[in-house]
There are 2 protein chains.
Amino acid sequence: MTDRIRISVDAMGGDNGPRIVLHGAQLALRERKNTSYIFHGRQEELGPLLEEFAELKPVSTIRHSDNVIAMDEKPSQALRKGRGNSSMWAALQSVKDGEADVCISGGNTGALMAMATMCLRPIEGISRPGIAAIWPTLRSDIIVLDVGATIGADAQQLVDFSILGAALARALFDDEQPVVGLLNVGTEEVKGLDSIREAARLLSVASGAGFRYHGFVEGDDIGKGTVDVVVTEGFVGNIALKTAEGTARQVGSYVRNALKANFLSRVGALLAGQALDALRRKLDPRTVNGGVFLGLNGIVIKSHGGTDEIGYKSALGLAYEMARSRLIDKIDEGLRQFPVKPATPVENQPEAKPA
Amino acid sequence: MTDRIRISVDAMGGDNGPRIVLHGAQLALRERKNTSYIFHGRQEELGPLLEEFAELKPVSTIRHSDNVIAMDEKPSQALRKGRGNSSMWAALQSVKDGEADVCISGGNTGALMAMATMCLRPIEGISRPGIAAIWPTLRSDIIVLDVGATIGADAQQLVDFSILGAALARALFDDEQPVVGLLNVGTEEVKGLDSIREAARLLSVASGAGFRYHGFVEGDDIGKGTVDVVVTEGFVGNIALKTAEGTARQVGSYVRNALKANFLSRVGALLAGQALDALRRKLDPRTVNGGVFLGLNGIVIKSHGGTDEIGYKSALGLAYEMARSRLIDKIDEGLRQFPVKPATPVENQPEAKPA
């Protein structure tokens, strides 16, 4: 695909102002030349800022929005105030109108999810969107969803998340048959919630939807990379994601302290400097920045609000790759190929739908 | 307290046979002299083994049980087969009969929980027991519960877990007012499940039950040690615990690889050896081995089944400390002091119960 990827950016979203957003875009552009940007936000702020980024300016358009959604606004409030006239809404509208391939915002997650759902609407056959995280593991990156779009999920929604997550894995990892596991408290058949057991039943009788169902996985299977896609409901997924972030920071801090413990360890750390720098980059949360909203008629990436230009660069890189690999088409393929329409009991399906 | 602490041990529980159990007990005895043991299991195996541990023998009794609960047995099956005549049941019975202060088993968690609940019964006022983990954090060890005793918890059960976890914190950490937080997906009032919101309301209007209620905490607050006791239901707690274990192993593996990356880093690792060894001990899962069953009329510790003698030693040390600090009395105090009897709506309480 040689077409230019057009990225719509909520330039006012995030905690650190629009400068780091534009800076990140310029860095991302250096890595992926055939990109163009639409920046949504206050013209009087963005105009002068764009002058500072000479490489970025020729491929960028500024679209004025008066209104900015605050980071602490409740979703319902944000919808009332910001529908139609905020930088967040306008950034989504660009995707809906077909003038951009993907939208990105570092703003308020709840507000972004509410607006994205209202503006882009869920894909037919998907009742609720999910947020997927790209999770680094001992094997390679994997997908974990839902990490907090909605609380609770029934069996059908877990099946939907499996189809959506598998499509994202196919788009990002160039793997035509990613392996999907359901997060549970044990690998024995008897354990877990009814919704998870029922989802397991639906997934195990189905096949050929662009993924292979592995079975149950436990919390420690995430870090091992046992499967390519870990499926769970949003409350558990969010707790797992944040607990892992906390643990990684904790162990990182232990390591730093150990290497400062005495004179010899400080010399040792100096000698091992290059390797430790590589480790630091590997653990840098900015290098894997961005939750992907899945299940809507359009690709939306949520960047961490508190990140810097490096974080925006990697979130924009993610946005580019998802648009380039035609994520939405891959989801559509997955939905058409899944032989058991989630909403229909298995016994009522005369035969698998042709792909 | 100078009385001898009497520990009842299911010597047949665990994946690695009774030798490591006895070995762990001898190591634990060296650290805490005034201990005595009752080992439950097959006399023909335990008798000759005990001869190998000369220090242990004088303070130990062997109690014969024919039956051993298998690690993969379902709880219901285990209850049918092992009630009354298994090493696991007999180990619990010793606590019930008052001949031991605490029971420990490395066997099947589900079976142990089912048997412990049937043998020791829940404390009056507590509807369901929980499993608490001692979790190392950047600040100090904290308590997280429930990590998998039961799936799902209503508001009252979350309040119960708060009282139980706070009592454990008072027993282990010598802190008379430990701080309790409810695990949630956000710190804003609007987020989370109804059960968690209702528990928050009950906890915030109550006070003086031997703990202070902090509010909501998120997944990354666990590793930071934001509060002394993190309360959640068993599914989420189990996923959080195992995800953290997986992440710690993952980061540890990154560190090892970084320090083997090149010649300089290998020399560096050699120089920093002592500090890195200390780090390794800190991250060793065997040094914090043992889930505590809370809410029963007796103290029960579940050791990891796959651990070795070092793991058993630390689990037995935990058992000793809990018995010594009169955990059951502290739970009883907590229940009596909690001004709102969890089962009763707040508005029907004329006034706080005297402690």
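Computed from a prediction, not measured in an experiment: that's the story for all the values here.

Engineer: Honestly, the overall build of chain A in this entry has me stumped. Any pointers?
Structural biologist: For chain A, the helix and strand inventory stands at 13 helices and 11 strands. Taking 20 Å as the expected radius of gyration for a compact globule of 355 residues, we find that chain A reaches 21 Å, a close match to that expectation. Taking the principal axes of the C-alpha coordinates as reference, chain A spans close to 65 × 60 × 40 Å. Looking at chain A as a whole, 54% of its 355 residues qualify as buried. Restricting to contacts in chain A with at least 6 residues of sequence separation, those with at least 24 account for 72%.

Engineer: Looking at this structure, I do not really get the relation of the copies chain A and chain B. What am I missing?
Structural biologist: Mapping between the two chain copies consists of a rotation about an axis together with a translation along that axis. It takes a turn of 180° to lay chain A on chain B, together with a shift of 0.0 Å along the axis; the resulting RMSD is 0.0 Å. Viewed as a symmetry operation, the transformation between the two copies matches a two-fold axis. Closest to the rotation axis within chain A is the C-alpha of G268 of chain A, separated from it by 1.7 Å. When the interface residues of chain A are mapped onto chain B, 98% of them again fall at the interface, so both copies present the same face.

Engineer: Honestly, the pairing of strand β2 (residues 35–41) of chain A in this entry has me stumped. Any pointers?
Structural biologist: Along any regular strand the residues' side chains alternate between the sheet's two faces. Residues and elements named next belong to chain A. In terms of burial, β2 is largely enclosed, as 6 of its 7 residues are buried. Across 6 bridges, strand β1 (residues 5–10) lies against β2 in parallel orientation. Looking across to β2, one finds that I7 is bridged to Y37. On the question of chirality, the crossover connecting β1 to the parallel β2 by way of helix α1 (residues 18–31) is right-handed. Handedness of the β-α-β unit built from β2, helix α2 (residues 43–52) and strand β3 (residues 60–64) comes out right-handed.

Engineer: Would you mind showing me how to read the domain arrangement of chain A here?
Structural biologist: Bring the parts together and some accessible area is lost; that lost area is often taken as the interface size. Residues and elements named next belong to chain A. Assigned domains of chain A: these are domain 1 (1–121 + 296–324) and domain 2 (127–289). In this structure, domain 1 and domain 2 have C-alpha centres spaced 26 Å apart. On the side of domain 2, 9 residues touch domain 1, which itself brings 14 residues to the contact. Elements that contribute at least two residues to the side of domain 1 that touches domain 2 include exactly α5 (109–120) and α12 (309–324). Considered class by class, the residues forming the side of domain 1 that touches domain 2 number 5 nonpolar, 6 polar and 3 charged.

Engineer: Looking at this structure, how should I read unusual backbone geometry?
Structural biologist: What is expected of a backbone is that most residues other than glycine have negative phi and most peptide bonds are trans. Residue and element names in this part refer to chain A. Here the amide bond leading from L145 into D146 is cis, since omega sits at 0°, within 30 degrees of zero. Tracing the chain through its elements places D146 in the loop between β6 (142–145) and α6 (155–173). Positive phi values are uncommon outside glycine, yet R326 reaches one of about 50°. Residue classification places R326 among the partly exposed positions, given that 17 C-beta atoms sit within 10 Å.

Engineer: Explanation requested: helix α7 (residues 194–205) of chain A in the structure shown.
Structural biologist: Each α-helix winds once per 3.6 residues, and so residues spaced three or four apart point in a common direction. Residue and element names in this part refer to chain A. The first and last C-alpha atoms of α7 sit 17 Å apart over 12 residues, in line with the 16 Å expected at 1.5 Å per residue. Taken together, the buried positions of α7 are I196, A199, A200 and L203. Here the buried residues of α7 occupy an arc of 105° about the axis, which is enough to place them on one side. In α7, the exposed positions that point more than 90 degrees away from the buried face belong to D194 and V205.

Engineer: Teacher, can you tell me more about the interface of chain A and chain B here?
Structural biologist: Taken together, the 54 residues of chain A in the interface contact 54 residues of chain B. The element that contributes the greatest number of residues to the side of chain A that touches chain B is helix α9 (residues 234–259) of chain A, accounting for 22 residues.

Engineer: What is the right way to read the sheet that holds strand β11 (residues 299–302) of chain A from this model?
Structural biologist: As a general point, the strands of a sheet are linked pairwise by backbone hydrogen bonds and lie either parallel or antiparallel. Residue and element names in this part refer to chain A. The strand order β3-β2-β1-β4-β11-β10-β5-β6-β9-β7-β8 describes an open sheet built from 11 strands, whose pairing is mixed. Of all the strands in the sheet, the pair left with one neighbour each is β3 and β8 (212–217). The average undirected angle you get between the axes of adjacent strands in this sheet is 25°.

Engineer: Whenever I open this one, the sheet that holds strand β2 (residues 35–41) of chain B confuses me. Can you help?
Structural biologist: All names here are of chain B. A sheet is described by the order of its strands in space; here 11 strands give the open sequence β3-β2-β1-β4-β11-β10-β5-β6-β9-β7-β8, paired in mixed fashion. Both edges of this open sheet fall to β3 (60–64) and β8 (212–217), since each of them pairs with a single strand only. Adjacent strand axes in the sheet meet at a mean angle of 25° when their direction is disregarded. Helix α5 (residues 109–120) rests against β4 (102–105), β10 (291–294) and β11 (299–302) of the sheet, and its axis sits at about 175° to β11.

Engineer: Would you explain the environment of A171 of chain B in this entry?
Structural biologist: Residues and elements named next belong to chain B. By the element assignment, A171 lies in helix α6 (residues 155–173). On the neighbour-count criterion, A171 (23 C-beta atoms within 10 Å) is buried. Measuring from C-alpha to C-alpha, the distance between A171 and S325 comes to 5.3 Å, with 154 residues separating the pair along the chain. Not counting chain neighbours up to four residues away, the residues in contact with A171 comprise M322, S325, L327 and K330.

Reading the values: rules and limits
- Residues numbered from 1 in each chain as written.
- Chains lettered and ligands numbered in written order.
- Predicted model: local features only at pLDDT ≥ 70, side-chain atom pairs only at ≥ 80, totals over all residues.
- Helix = DSSP H or I, 4+ residues; strand = E, 2+ residues; numbered from the N terminus.
- Rg over C-alpha atoms; globule rule 2.2 N^0.38 Å.
- Buried ≥ 20, exposed ≤ 12 C-beta atoms within 10 Å, placed from the backbone.
- Contact = placed C-beta atoms within 7 Å.
- Least-squares fit on C-alpha atoms with pLDDT ≥ 70 in both.
- Pairing = 2+ DSSP bridges.
- Right-handed = clockwise from strand over helix to strand, strands pointing away.
- Domains from an automatic or database assignment.
- Nonpolar A, V, L, I, M, F, W, Y, C, P; charged D, E, K, R; others polar.
- Expected span 1.5 Å × (residues − 1).
- Arc of directions from axis to C-beta.
- Axes fitted to C-alpha atoms, helices over the stretch in contact; angles between N-to-C directions.

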